[in-house]
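Close look at the chain arrangement
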Amino acid sequence: MSHEALQNLLHEDRAFAPTAEFAAAANATPDYYDRAASDRLGFWAEQAAALQWATPPTQTLDWSNAPFAKWFADGKINVAVNCVDRHVAAGHGDQVAFHFEGEPGDTRTVTYADLLREVSKAANALTELGIQAGDRVAIYLPMIPEAAVAMLACARIGAPHSVVFGGFSSEALRSRIVDASAKLVITADGGYRKGSAFALKPAVDEAVVNTPTIEHVLVVRRTGQDVEWTDKDVWWHDIVERQSEVHEAQAFDAEHPLFILYTSGTTGNPKGILHTTGGYLTQVAYTHRAVFDLKPDTDVYWCTADIGWVTGHSYIVYGPLANRATQVMYEGTPDTPHRGRWWELIEKYGVTILYTAPTAIRTFMKWGDAVPADFNLTSLRLLGSVGEPINPEAWMWYRKVIGGDSCPIVDTWWQTETGAIMISPLPGVTHTKPGSAMGPLPGIGAAVVDDQAVPVRNGGGGYLVLTEPWPAMLRGIWGDNDRYVDTYWSRWPQYYFAGDGAKLDDDGAIWLLGRVDDVMNVSGHRISTTEVESALVSHPAVAEAAVVGAADPTTGQGIVAFVILRGDAAEDPNIVKALRDHVAHEIGAIAKPRQILVVAELPKTRSGKIMRRLLRDIAENRSLGDVTTLADPTVMNLIGAGLQSATTED
Ligand code: WT7
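Note that the structure is a prediction, hence the values are computed from the model and not measured.

The strands making up a sheet are joined through hydrogen bonds of the backbone, oriented either antiparallel or parallel. The sheet built from eight strands is open, its strands ordered β12-β11-β8-β6-β7-β14-β15-β23 with mixed pairing. Looking at the sheet topology across the chains shown, the edges are occupied by β12 (233–235) and β23 (476–477). The pairing of strand β11 (residues 216–220) with β12 spans three bridges and is parallel. Bridge pairing links Leu 218 to Val 234 in β12. Lying over the sheet, helix α8 (residues 170–180) contacts β6 (137–140), β8 (184–188) and β14 (257–263), oriented at roughly 140° with respect to β14. Strands in contact with helix α12 (residues 310–322) are β7 (161–163) and β14; relative to β14, the strand with the most contacts, it is inclined by about 145°.

Not every one of the 18 residues close to the ligand is listed here, only the nearest: Asp 411, Thr 412, Thr 416, Asp 500 and Arg 515. A distance of 3.5 Å separates a nitrogen atom of the ligand from a polar backbone atom of Pro 389. A distance of 2.7 Å separates a nitrogen atom of the ligand from a polar side-chain atom of Asp 411. In the complex, the protein chains occlude 96% of the 560 Å² of accessible area that the ligand would expose alone. Put simply, the parts of the chain that give the shell around the ligand at least two residues each are α12, β20 (409–412) and β25 (510–515). A class-by-class count of the residues in the shell around the ligand yields six nonpolar, seven polar and five charged.

Geometrically, the link from Ala 66 to Pro 67 is a cis peptide bond, its omega value of 5° lying close to zero. Along the chain, Thr 336 connects to Pro 337 via a cis peptide bond; the corresponding omega equals -5°. Structurally, Pro 337 is set in the loop between β17 (327–330) and α13 (341–349). Even without being glycine, Ser 181 reaches a positive phi, approximately 50°. If you trace the backbone, Ser 181 turns up in the loop between α8 and β8. You will see that Met 438, though not glycine, has its phi angle at about 70°, which is positive.

With that settled, the discussion passes to the sheet that holds strand β24 (residues 496–504). Taken together, the four strands give an open sheet; going across it, the order is β21-β22-β24-β25, and neighbouring strands pair in antiparallel fashion. Each having just a single partner strand, β21 (446–449) and β25 make up the two edges of the open sheet. Put simply, the sheet's adjacent strands are angled 40° from each other on average, direction ignored. Of the pairings in the sheet, the one linking β21 to strand β22 (residues 461–466) comprises four bridges and is antiparallel in character. In the strand pairing of β22, Val 449 is matched with Tyr 463.

On to a negative patch on the surface. Together, Asp 179, Asp 480, Asp 482 and Asp 486 give the surface a local cluster of negative charge. Along the polypeptide, Asp 480 turns up in the loop between β23 and α17 (481–489).

Attention now moves to the packing of aromatic side chains. On inspection of all chains with the given rule, the structure shows 35 aromatic pairs. Summarising the aromatic geometry, the rings of Tyr 315 and Tyr 355 are spaced 6.0 Å apart at their centres and angled 85° between planes, so their arrangement reads as edge-to-face. Of this pair, Tyr 315 sits in helix α12 while Tyr 355 sits in strand β18 (residues 353–356); the two residues are 40 residues apart in sequence, bridging distant segments of the chain. Each member of the aromatic cluster is reached from another via a ring pair, and the members are Trp 63, Phe 68, Trp 470, Tyr 484, Tyr 488, Trp 489 and Tyr 496. In this structure, Arg 176 is placed above the aromatic ring of Phe 168, and the distance from its NZ or CZ to the ring centre is 4.6 Å. In this structure, Arg 491 packs its charged tip against the face of Tyr 463, placed 4.4 Å from the ring centre.

This brings us to the pairing of β8. Along any regular strand the residues' side chains alternate between the sheet's two faces. A large share of β8 lies buried, amounting to five of its five residues. Across the two faces of β8 the burial is the same, with Leu 184, Ile 186 and Ala 188 and Val 185 and Thr 187 all buried. The sheet contact formed by β8 and β11 spans five bridges and is parallel. Along β11, the bridge assignment pairs Thr 187 with Val 219.

Okay, the environment of His 237 next. The residue His 237 is located in helix α10 (residues 236–239) in this model. The sequence separation of His 237 and Gly 158 amounts to 79 residues, and the corresponding C-alpha distance is 23 Å.

What follows deals with the nonpolar core. With 162 residues, the main nonpolar core has Leu 115, Ile 186, Tyr 318, Val 532 and Leu 536 as its most contacted residues. Sort the elements by how many residues they give to this core and helix α7 (residues 145–157) lands first, with 10 residues. Excluding its chain neighbours within four sequence positions, the residues that come into contact with Tyr 318 are Val 79, Cys 83, Met 151, Leu 152, Ala 155, His 161, Leu 258, Phe 259, Tyr 280, Leu 281, Val 284 and His 313. Listed in part, the 29 residues of the second largest apolar core include Trp 302, Phe 364, Val 371 and Tyr 398.

Moving on to the packing of helix α14 (residues 358–367) against helix α16 (residues 392–402). Helix-helix packing is characterised by the crossing angle of the two axes and by the distance between the axes. Between α14 and α16, the shortest axis-to-axis distance is 10 Å and the interhelical angle comes to 70°. It follows that α14 is roughly perpendicular to α16 by the angle criterion. On α16, the residues touching Ile 361, Arg 362, Phe 364 and Met 365 of α14 are Glu 393, Ala 394, Trp 397 and Tyr 398. The residue inventory of the contact of α14 with α16, partitioned by class, reads six nonpolar, no polar and two charged.

Conventions we followed
- Residues numbered from 1 in each chain as written.
- Predicted model: local features only at pLDDT ≥ 70, side-chain atom pairs only at ≥ 80, totals over all residues.
- Heavy atoms only, no water.
- Pairing = 2+ DSSP bridges.
- Helix = DSSP H or I, 4+ residues; strand = E, 2+ residues; numbered from the N terminus.
- Contact = heavy atoms within 4.5 Å.
- Axes fitted to C-alpha atoms, helices over the stretch in contact; angles between N-to-C directions.
- Near = heavy atom within 4 Å.
- Polar contact = N/O pair within 3.5 Å; in protein donor to acceptor, adjacent residues only side chain to side chain.
- Areas by Shrake-Rupley, 256 points an atom, 1.4 Å probe, with all protein chains shown as cover.
- Nonpolar A, V, L, I, M, F, W, Y, C, P; charged D, E, K, R; others polar.
- Patch = residues over 30% accessible without salt bridge, like charges linked within 9 Å, V, L, I, M, F, W, Y side chains within 5 Å.
- Salt bridge = Lys/Arg side-chain N within 4 Å of Asp/Glu carboxyl O.
- Lys, Arg positive; Asp, Glu negative; His and termini not counted.
- Charge placed at Lys NZ, Arg CZ, Asp CG, Glu CD.
- Phe/Tyr/Trp six-rings, centres within 6.5 Å; stacked < 30°, edge-to-face > 60°.
- Lys NZ or Arg CZ within 6 Å of the ring centre and 35° of its normal.
- Buried < 20%, exposed > 50% of the residue type's maximum accessible area, 1.4 Å probe, protein only.
- Core = buried A, V, L, I, M, F, W, Y, C linked by side-chain atoms within 4.5 Å.
- Parallel < 35°, antiparallel > 145°, perpendicular 65-115°, else oblique.

Below, the structure is given as structure tokens:
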């Protein structure tokens, strides 16, 4: 975070109290904090009791094998039954679960009764394909209703899914399939984005050549584009459509694995974050109800995330459906076919709750107030933000221009690892400040500590830690328990270390300051510097690479790479483009460096460690910090000289 931004945070003294009207009708009430404080586990047991258990749990937390938690361990439950069947059984079959809007303008209305039929048929189809409880299923789909159906069908039969974001490369898909030994991939011919059809199936074809565990590829027809066909491939419409609409769901142990979701860490290998069933569903349902104040009979909720990220898992699929939400699901980009597409959808469906990311808000700010002004946004009553720190300017714009100066804003801090929201205001209870996530939710323990794990005083800064186990916490890293302990529980064994810096203001409100490790946050997506460096050095023209995240006014951080080329590669006029494309091929377009700077040397300490701090100074056009620990202080001049010629952007 830049120095100016920090200064702004320090001087932010605007505060917004909940209106009496909102507070009077709010799901969450001030006594939540007291109840959770006086009996934390009892509070969570109460939240768990809001679900429909086949065998209600008598146990709450088992922390005897810390840091491997068990929650509600003697309970049995089926997630899909909670998200679908029980609502139909209660007479809400005709309620819309999803108003789906494809990017080309095609629409589908999926009711809870439709969802029950589709999920049941899909569960039967998975069973026919040989998938059993415990088998892993990879899902690589665009944002279409089948994505939610596929996830719920897996959950229904106890087969943990591993959703891979459709923007990730074939190689990223392959490595995730291999790591989890998945038996099946569910994909589509393609999807729509930025006004045209993109393909997914070729990336799957390329990936599964080297994934011996994959037995079948189940393919949804979305775009109708031509696809290559192999004997492993099965059309979704061929196998799912002919299944029985009835599927008898079996209950699973609360600690049965629900899903694996890969996220970047500080090394080149993504971590398979493992989530389980009962505790996860308890916390996503509770937080969705309390933080978004969902009223299932009247609200229309829209979370703009992709199901490829944890936000899509927890706040499109599991939390909202457990709470019987009516949602909007949109396939495409915000500027297709015009920059008012989101506001048009809000007007069309009467969206009342919008949950999105600061990078989108800043993009809309850049496009100007006139765009949303053309639409009626008065249905909105609550706004949410997630993924990265929201700067006070963007927060105020969101409130004024989108929220009509009256909607409460919930800035929600959480992670793939936490599974559900951890730090956030409660609308109707908490006074909010523009740019602050305020404090831990009732039932959650968080602190800002210094290097010695001592909590900082108000006004001080340090590291964000979680001080108590929580129901939706990750249960480990798939196949690598040591890495789990090492990554999150070794710095201070009594605390979960989140990897974020934070500051407490004079009132004790928490201000997130971004990652303190080698993880970048680009448009709310987590990408490790090492991952991009490995991709770059896997190109034959690259001898060495160093990557930093540089402040970016729209995306939060932008990826800036410094590369040393081999031999005469520098003479190739297209080398920078070739390297950017190579990174996209290795990881995905989201990891394409914003800039690649060809340099002759990299700044290193005498022990050979790259000094990223100095590279960040260059990437952010700052005068250089202290260079005295450099092995060769003159390299910075060499680097500076190479810059202009090799910068590209698109
Ligand atoms: C990292 C987690 C949680 C879903 C999206 C990202 C950053 C997330 C906030 C926020 C400041 C935030 C943190 C965190 N982050 N929400 N409200 N304010 N920073 O999930 O990919 O697992 O990334 O995103 O740095 O550690 P993720």
